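The lines below spell out each chain.
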Amino acid sequence: MKKSLFVLGIAMALLFSGCASSGKSNIRSAKADLDKFTGDWQIIYAEKGGIAQSITNATIHIENQKNSKLDFTGFLGVNDFNGSCVAEADGSITDKNFGLTKKMGPRPAMEAENIIFEVFANMTEAKVGSEDGFAVVTFTSEETNSSVKFRKIALAGTKWNLSLIKDDEVLSSSYIEFVDEKNASANTGVNSLQMGYAYDAKKGTLTFEPGPMTLMAGDETSTAVELAFLSAVGESAKYQIKGDKLLVCNKAGDALLTFTKEILK
């Protein structure tokens, strides 16, 4: 069953952004610069007062909108996150407006989440770089003397195990593995399936092109899961990454399948 979410209002934004500085940054209003920030990112480091902090399983999605505006959505470990800011030509960051849903979680996760949120709400610097062959983006707040670093997420080379069909938990061996940039393999819980896929992180789109599948028979429960799996793959149009979850969605944005990321060794 879906849980109700309560969005923090203006008071939350004022609490964290009322004294924000407009300091310089490597982010610029030029489209080529802003496009470097677009896509899916997963947190890999947080720092406050020069001291490394514990991190949550936070992920964000950034889109480059018109008028030098970046839109943010994501999951900061406990709560869903959204907001926006404007990059000025001189490198200053203005019109910061960020919010969180209002759910409670374990204290360490809440504390880590607060550090991340404070950085965005009081952002004074944002820059994209590269580490170990991966694109990374770093956001810094002079106001809170803190920074957070995220690594670019790519689907290729990742494996995700099925955990939900719509809102219903399932116990199944179903999974999707994105073998490379174009090909995926899957297990429906009964059969193995080869697929082509295409996704666009900027637009949040994901589509599959089913290929060869084995023709094994399963029990009633497993077959029901397989049929739901195949139907969802056929309807797939969008996706979201929230922490360690991959949501495969239809055109309306409704989650059809939810997968949990498997750490590949």
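Structure: see above.
For clarity, every value in this text was computed on a predicted model and none was experimentally measured.

**Student:** What is the right way to look at the nonpolar core in this model?
**Tutor:** One broad trend across soluble globular proteins is that nonpolar side chains are buried collectively. By size, the foremost hydrophobic cluster in this structure holds 29 residues, and its most contacted members are I60, F72, F81, F120, M123, F139 and F150. Of all the secondary-structure elements, those providing two or more residues to this core are β1 (39–48), β3 (59–64), β4 (69–75), β5 (80–87), β6 (93–100), α3 (107–121), β8 (134–141) and β9 (146–152). A total of 5 residues in this core trace back to one element, the largest contributor, which is α3. If you look at the next biggest cluster of nonpolar residues, it comprises 27 residues, including L155, V170, V233 and F259.

**Student:** I keep staring at α3 and nothing clicks. Help me out?
**Tutor:** Each α-helix winds once per 3.6 residues, and so residues spaced three or four apart point in a common direction. Compared with the 21 Å implied by 1.5 Å per residue over 15 residues, the 21 Å span of α3 between its first and last C-alpha is a close match. Of all 15 residues making up α3, 11 are buried, and the element is well covered by its neighbours. Of the positions making up α3, those classed as buried are A109, M110, A112, E113, I115, I116, F117, E118, V119, F120 and A121.

**Student:** Just to check I follow, could you spell out the pattern of salt bridges for this structure?
**Tutor:** Side chains bearing opposite charge may pair, as long as their charged atoms lie close to each other. All told, the structure shown has 8 salt bridges when counted by the stated rule. For the salt bridge of E118 with K48, the shortest nitrogen-to-oxygen distance reads 3.4 Å. Here K48 lies in strand β1 and E118 lies in helix α3, a separation of 70 residues in the sequence. Accessibility expressed as a relative area gives 17% for E118, which makes it buried. A relative accessible area of 32% means that K48 is categorised as partly exposed. K159 is the salt-bridge partner of E262, the closest N and O atoms lying 3.8 Å from each other. Within this pair, whereas E262 is found in strand β18 (residues 255–262), its partner K159 is found in strand β10 (residues 158–165), the two being separated by 103 residues in sequence.

About the cut-offs
- Residues numbered from 1 in each chain as written.
- Predicted model: local features only at pLDDT ≥ 70, side-chain atom pairs only at ≥ 80, totals over all residues.
- Heavy atoms only, no water.
- Core = buried A, V, L, I, M, F, W, Y, C linked by side-chain atoms within 4.5 Å.
- Buried < 20%, exposed > 50% of the residue type's maximum accessible area, 1.4 Å probe, protein only.
- Helix = DSSP H or I, 4+ residues; strand = E, 2+ residues; numbered from the N terminus.
- Expected span 1.5 Å × (residues − 1).
- Salt bridge = Lys/Arg side-chain N within 4 Å of Asp/Glu carboxyl O.

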